[in-house]
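Summary of the model geometry
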Amino acid sequence: MTETNLGTRAGFVALIGEPNAGKSTLLNRMVGAKVSIVTHKVQTTRARIRGIAIEAQSQIVFVDTPGIFRPRRRLDRSMVKAAWGGASDADIVVLLIEAHRGLTEGAQAIIDRLRDEMPRGKPVALAINKIDRVKAEVLLALTQKMNEAFPFAKTFMISAERGYGVDDLREWLAAEVPAGPWFYPEDQIADLPMRMIAAEMTREKLTLRLHEELPYQLTVETEKWEDKPDGSTRIDQIIYVSRDGHKGIVLGNGGETIKSIGTAARAEISSFLDRKVHLFLQVKVRENWQEEAERYSEMGLEFKDGDA
């Protein structure tokens, strides 16, 4: 689509909120495909994954940011900095909160920073997620409380998981993004390289399987990608862990754990690519991977430390 097309609109929308508020689930629902890692563990989104949705003549580019929390480690600080960077650069910001948790201390801190840092006139919408968990009167009271705390351009009551209210939010965003040509081809749903999306899918399976033992002390990188003449793809990935003891946890008894993780990841990557995939996983110990600049650039984060 080019500038000669009349009536087209395109813009960037940042989804922000506390960890586990449902941002990745909402992004995947909006795009209609799984482009962002979704687990029940907090802080699983590390890179600013852009999912692309089409609504009528509008192209909406979603920036799924890491959950905003109080950072302690370098990786935490880079994630929070990425979240606020995504919000600052976007045309529209959508703040997600969980209906059953309400206006938490963390949500209030985000609102305070929105008030201080967002340029005047930038639309900020509120999306109250997981509405199926509370009664109508609770929702109404929460809506009033939130809009007293910040002048939101619009409030939406949604369930990202079930799809309630998501169409209304997408239609509003489509009308609000700036007029102009589309940024991406019509059939593109994400601007991350396929290598990184495949790595994220494997990391999701690791997080789901090892959520108690090893939630955040591992990362996955796609080392090799080879499209075969028969139409299949060979993918070699390395799982980096921080300690030797973690390697045994990932491998499991007789390699059982990594085998089941590989099976689940291969099925999902194959479904996403719509072709047969041969997935090979290796586990390597890198004690200080969380302090290596190269690992951060792989995740689309800044290595340089500073205020989040």
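Before reading further, recall that the structure is shown in the block above.
Residues numbered from 1 in each chain as written. Predicted model: local features only at pLDDT ≥ 70, side-chain atom pairs only at ≥ 80, totals over all residues. Heavy atoms only, no water.

1. Quick look at the overall build of the protein chain
Within the protein chain, the regular secondary structure consists of 9 helices and 9 strands. The buried share among the 308 residues of the protein chain stands at 50%. When contacts within the protein chain are restricted to residue pairs at least 6 apart in sequence, those whose partners lie at least 24 apart make up 71%. Taken as a whole, the protein chain presents about 14,500 Å² of accessible surface, with 46% of it coming from carbon and sulfur. (Helix = DSSP H or I, 4+ residues; strand = E, 2+ residues; numbered from the N terminus. Buried < 20%, exposed > 50% of the residue type's maximum accessible area, 1.4 Å probe, protein only. Contact = heavy atoms within 4.5 Å. Areas by Shrake-Rupley, 256 points an atom, 1.4 Å probe, with all protein chains shown as cover.)

2. Some words on the sheet that holds strand β8 (residues 233-241)
If you trace the 3 strands from one edge of the open sheet to the other, you get β7-β8-β9, paired in mixed fashion. Two strands bound the open sheet, and with one partner strand each, they are β7 (218-227) and β9 (277-285). Direction aside, the axes of adjacent strands within the sheet are offset by 20 degrees on average. Against the sheet, helix α6 (residues 194-209) contacts β7, β8 and β9, and its axis sits at roughly 135 degrees relative to β7. (Pairing = 2+ DSSP bridges. Axes fitted to C-alpha atoms, helices over the stretch in contact; angles between N-to-C directions.)

3. Some thoughts on the nonpolar core
Ranked by size, the top nonpolar core spans 24 residues in total, and within it Val13, Leu15, Leu26, Met30, Phe62, Val94 and Leu173 carry the most contacts. Counting residues per element, the ones that place at least two in this core are β1 (9-17), α1 (23-31), β3 (58-64), β4 (92-98), β5 (124-129) and α5 (166-176). In terms of nonpolar packing, the next biggest core, distinct from the first, is built from 22 residues, Ile111, Ile131, Leu142 and Met146 among them. (Core = buried A, V, L, I, M, F, W, Y, C linked by side-chain atoms within 4.5 Å.)

4. Side note on the pattern of salt bridges
Close approach of charged atoms lets side chains of opposite charge pair. In total, this model carries 13 salt bridges according to the counting rule given. Between Lys228 and Glu226 there is a salt bridge; the shortest N-O distance is 3.7 Å. The salt bridge partner of Arg234 is Asp236, with a shortest N-O separation of 2.7 Å. One salt-bridge network, held together by shared partners, links Glu18, Glu98, Arg101 and Lys130. (Salt bridge = Lys/Arg side-chain N within 4 Å of Asp/Glu carboxyl O.)

5. A short note on the packing of helix α7 (residues 244-251) against helix α8 (residues 256-273)
With their axes 5 Å apart at the nearest point, α7 and α8 run at an angle of 60 degrees to one another. Taken as axis vectors, α7 and α8 run oblique relative to one another. Residues Ile249, Val250 and Leu251 of α7 lie in contact with α8, whose contacting residues are Glu256, Thr257 and Ile258. (Parallel < 35°, antiparallel > 145°, perpendicular 65-115°, else oblique.)

6. Here's the deal with the environment of Phe150
Along the chain, the position of Phe150 falls in the loop between α4 (136-149) and β6 (154-157). The exposure class of Phe150 is buried, given its relative accessible area of 8%. C-alpha separation for the pair Phe150 and Asp112, spaced 38 residues apart in sequence, amounts to 8.5 Å. Apart from the residues lying within four places of it in its own chain, the contact partners of Phe150 are Ile111, Leu114, Arg115 and Val124.

7. Re the pairing of β8
When you tally the buried positions in β8, you get 8 out of 9 residues, the bulk of the element. For β7 and β8, the ladder comprises 9 bridges, and the chain directions are antiparallel. Counterpart to Trp225 in the pairing with β8 is Ile235. Here β7 hands over to β8 after 5 residues, with Gly231 in that stretch at a positive phi of 95 degrees.

8. Points about the packing of aromatic side chains
Per the counting criterion, the structure on display carries 3 aromatic pairs. Aromatic pair Phe150 and Phe152: ring centres 4.9 Å apart, planes at 55 degrees, arrangement tilted. The lysine or arginine in question, Arg234, covers the ring of Phe280, its NZ or CZ lying 4.0 Å from the ring centre. (Phe/Tyr/Trp six-rings, centres within 6.5 Å; stacked < 30°, edge-to-face > 60°. Lys NZ or Arg CZ within 6 Å of the ring centre and 35° of its normal.)

Function cannot be inferred from these measures alone, as they are strictly geometric.
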